[in-house]
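# Analysis of the macromolecular model
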Amino acid sequence: MSNQEWITRGDALFMQTYGRFPAVMVEGRGCRLKDADGKEYLDFLSGIAVCSLGHCYPPITEAICRQAATLLHVSNLYYTMPQTELAELLVANSFADRVFFCNSGAEANEAAIKLARKASPAGRYEIISLEGSFHGRTLATVAATGQKKFHEGFEPLPEGFRHAPFGDLAALEAMITPATCAILCEPLQGEGGVRPLAREYLQGIRALCDRHGLLLLFDEVQVGMGRTGSLFAYEQFGIVPDILTLAKALGNGLPIGAMLAAEKVAAAFTPGTHASTFGGNPVACAAAVVAVRTMLAEGFLAGVTAKGRYLAARLDELAQRYPRLAVRSRGLGLIQGLLLTDQGKELGPRIVQGLFRQGLLANFAGNIALRFLPPLIVTEAEIDEAMAILTALFAEVAG
Ligand SMILES: *Cc1c(COP(=O)(O)O)cnc(C)c1O
């Protein structure tokens, strides 16, 4: 059956929450996908920063199959070995002492919000996040998200969330009240248009938290797990958060999320205060163990940094050639955006559709930047191939 037949069947059934590209993906390998019509794509989105080791990375597939044939699920009434192994790896390679496992980014942020409130003195519950941020689609994480379009129609949202103007430390400090317990931010806003937070800004936020006795929560759901060239993005800013959330690339495609914290904060989660039936599922954890080990292997993260620089340089060249459409690249490691001009922004959706037709998967983030999230195993040759498609499309839309 063709793409179109499956799309027609699906469209009659699914809640209409997604604007999807017209492809039914059937197979993936490395940086390539194939659809039901046999068309091939070069995937520069990785399932939204998820399949960082590429599609169907054989060691992950093997770990999944082995674990699925041994033990699929028991709940957290019992211990399992892969969960412990994964927690050991995350703790050994981060600031954290303890881990809570869940199934998605929104759930990891929900856990972080609950822990921040629980670990704070009574009467302190308010969390300040930043304008332009994205923290998930559950009610509390929607409330934390600093973009109005995600709030509309869902009011009343849970109380205790405020949004500070992006990049303004004084305005952020002015919003702190005796009820504030934490500041929540992404070290680089992914959905918000691949917008990095300056080093001094992040350090200033850390200092504000210290001065006012607030917890600092980093949402690294998109930028954690090697995406920026370090295992966690915070490592590059000379500061340490109190709570860190992960999901997307953690399981390389299996759903898993995690919330990490230092002992003195984590101690607030006592038995019965939080839980998840599926959280830390042994199969997802077995996949994540392989993902983390692969990223920690000699040279892997240095390669991400080098390839990220290469992609950024190529995007900057393109921006120089087409100044009417694009301004420059921005990003860290292999999360790169091509910032578009006002004229370029109008064409953003058309550019992304054009790339799709030419077999390159990318998207338009925050209505401002073309976003590229290739698998971290992408080669320079594949980056060149993507750039050739992008350059040809720019020539077409500019002409
Ligand atoms: C994707 C994302 C989330 C939500 O993750 P889900 O797994 O879709 O719930 C939260 N925060 C950030 C920064 C994200 O990019």
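Structure shown above.
Residues numbered from 1 in each chain as written. Predicted model: local features only at pLDDT ≥ 70, side-chain atom pairs only at ≥ 80, totals over all residues. Heavy atoms only, no water.

### What about the pattern of salt bridges?
Opposite charge on two side chains allows them to pair when their charged atoms are near. As a reminder of what qualifies: When a carboxyl oxygen of Asp or Glu is within 4 Å of a side-chain nitrogen of Lys or Arg, the pair counts as a salt bridge. The secondary structure listing takes helices from DSSP runs of H or I that are at least 4 residues long and strands from runs of E that are at least 2 residues long, numbered from the N terminus. Buried, partly exposed and exposed residues are distinguished by accessible area as a fraction of the type maximum, computed with a 1.4 Å probe on protein chains only: under 20%, between the cut-offs, and over 50%, respectively.
Taken as a whole, this structure holds twelve salt bridges when the rule is applied. In this structure, Glu 62 engages Arg 66 in a salt bridge whose closest nitrogen and oxygen atoms are separated by 3.4 Å. Of this pair, Glu 62 and Arg 66 both sit in helix H3 (residues 58-70), separated by four residues, roughly a single helical turn. Residue Glu 62 shares its accessibility class with Arg 66, and that shared class is exposed. Between Arg 162 and Glu 126 there is a salt bridge, and its shortest N-O distance comes to 3.8 Å. Placement of the pair is Arg 162 in strand E6 (residues 161-164) and Glu 126 in strand E5 (residues 126-130), with a sequence separation of 36 residues. Overlapping salt bridges, with partners in common, bring together Arg 32, Glu 382 and Glu 385 in one network.

### Some thoughts on the site of the ligand
The criterion, for reference: In this text, near means that some heavy atom of the residue lies within 4 Å of the molecule or strand in question. In protein, a polar contact requires one atom able to donate a hydrogen and another able to accept it; more generally it is a pair of N or O atoms within 3.5 Å, and residues adjacent in sequence count only if both atoms are side-chain atoms. The accessible surface values rely on the Shrake-Rupley method and a 1.4 Å probe; as for residues, cover is taken only from the protein chains in view.
All residues adjacent to the ligand are Ser 104, Gly 105, Ala 106, Asn 109, Phe 134, His 135, Gly 136, Glu 186, Asp 219, Val 221, Gln 222 and Lys 248. Contact distances for the ligand include 2.8 Å between an oxygen atom and a backbone N or O atom of Gly 105. Between the ligand and Lys 248 there is a distance of 2.6 Å, counted from an oxygen atom to a side-chain nitrogen or oxygen. The fraction of the free accessible surface of the ligand (380 Å²) that becomes covered by protein chains is 81%. Ranked by the residues each element gives to the shell around the ligand, the list is headed by helix H5 (residues 105-118), at three residues.

### Section: the nonpolar core
Put simply, the rule is: Only buried Ala, Val, Leu, Ile, Met, Phe, Trp, Tyr and Cys residues count toward a nonpolar core, and they belong to the same one when joined by side-chain atoms within 4.5 Å. Start and end points for every domain follow an automatic or database-based domain assignment. Any two residues whose heavy atoms approach within 4.5 Å are treated as being in contact.
Grouped together as the largest cluster of nonpolar side chains are 93 residues, with contacts concentrated most on Leu 86, Leu 90, Leu 250, Leu 338, Leu 370 and Phe 394. At nine residues, the largest contribution of residues to this core is made by helix H10 (residues 282-296). Here this core gathers at least three residues from each of two domains, domain 1 (58-296) and domain 2 (300-370 + 380-399). Ignoring anything within four residues of it in the chain, the contact list for Phe 394 reads Leu 318, Tyr 322, Leu 325, Ala 326, Leu 338, Leu 340, Ile 351 and Leu 370. With 24 residues, the next largest nonpolar core counts Cys 102, Ala 111, Leu 215 and Met 259 among its residues.

### What about the packing of helix H12 (residues 342-357) against helix H13 (residues 380-398)?
For any two helices packed against each other, one specifies the inter-axial angle together with the distance between the axes. Just so we agree on the cut-off: Lines are fitted to the C-alpha atoms to define the axes, a helix being fitted only along its stretch in contact, and any angle between axes, read from their N-to-C directions, falls within 0 to 180 degrees. Small angles under 35 degrees read as roughly parallel and large ones over 145 as roughly antiparallel, with 65 to 115 read as roughly perpendicular and the rest as oblique. Left-handed describes a crossing whose near helix is turned anticlockwise from the far helix by less than a right angle; the clockwise case is right-handed. For this classification, the nonpolar set comprises Ala, Val, Leu, Ile, Met, Phe, Trp, Tyr, Cys and Pro, the charged set comprises Asp, Glu, Lys and Arg, and every other residue, Gly included, is treated as polar.
For the pair H12 and H13, the least separation of the axes is 10 Å and the interaxial angle reads 130°. Comparing their axes, H13 and H12 come out oblique. In the crossing of H12 with H13, the sense of the turn from one axis to the other is right-handed. Taken together, the residues of H13 that come into contact with H12 (itself represented by Arg 350, Ile 351, Gly 354 and Leu 355) are Ile 389, Leu 390, Leu 393, Phe 394 and Val 397. Looking at side-chain class alone, the contact of H12 with H13 contains seven nonpolar, one polar and one charged residues.

### Remarks on helix H11 (residues 300-321)
The line we're drawing: By this rule the span expected of a helix is its residue count minus one, scaled by 1.5 Å. Note: the arc covers the axis-to-C-beta directions of the helix.
Taking 1.5 Å per residue as the helical rise, H11 with its 22 residues ought to reach 32 Å, and the 32 Å between its terminal C-alpha atoms agrees with that figure. Residues of H11 that are buried include every one of Phe 300, Leu 301, Val 304, Lys 307, Gly 308, Leu 311, Ala 312, Leu 315, Leu 318 and Ala 319, and no others. Across the axial projection of H11, the buried residues extend over an arc of 145°, all falling on one side. Projecting away from the buried face of H11 at angles above 90 degrees are the exposed residues Ala 302, Arg 309, Gln 320 and Arg 321. Residues of H11 that are buried in the fold lie against H10, strand E13 (326-332), strand E14 (335-340), strand E17 (369-372) and H13.

### Here we look at the environment of Arg 211
Structurally, Arg 211 can be placed in helix H8 (residues 199-212). Arg 211 gets classed as exposed once you look at its relative accessible area, which sits at 55%. The spatial distance from the C-alpha of Arg 211 to the C-alpha of Thr 228 is 29 Å, given a sequence separation of 17 residues.

### Here's the deal with the environment of Ala 247
Considering the arrangement of structural elements, one finds Ala 247 in the loop between strand E11 (243-246) and strand E12 (257-261). Residue Ala 247 is classed as buried on the basis of its relative accessible area, which comes to 3%. Through-space distance from the C-alpha of Ala 247 to that of Ala 258 is 6.2 Å; in sequence the pair is eleven residues apart. Once residues lying within four places of it in the same chain are set aside, the contact partners of Ala 247 are Ser 104, Gly 105, Val 221, Ile 256 and Gly 257.

### So, the sheet that holds strand E4 (residues 98-102)
Convention followed: Pairing between two strands requires that DSSP report at least two bridges joining them.
Pairing is mixed in the open sheet, where seven strands are placed in the order E4-E12-E11-E10-E7-E5-E6. Among the strands making up the open sheet, the edge pair consists of E4 and E6. Averaged over neighbouring strand pairs, the angle between their axes works out to 20° when direction is ignored. As paired elements, strand E10 (residues 215-219) and E11 share three bridges and run parallel to each other. By the bridge assignment, Phe 218 is partnered in E11 with Leu 244. Along the sheet, H8 contacts E5, strand E7 (180-185) and E10; its crossing angle with E10, the most-contacted strand, is approximately 145°.

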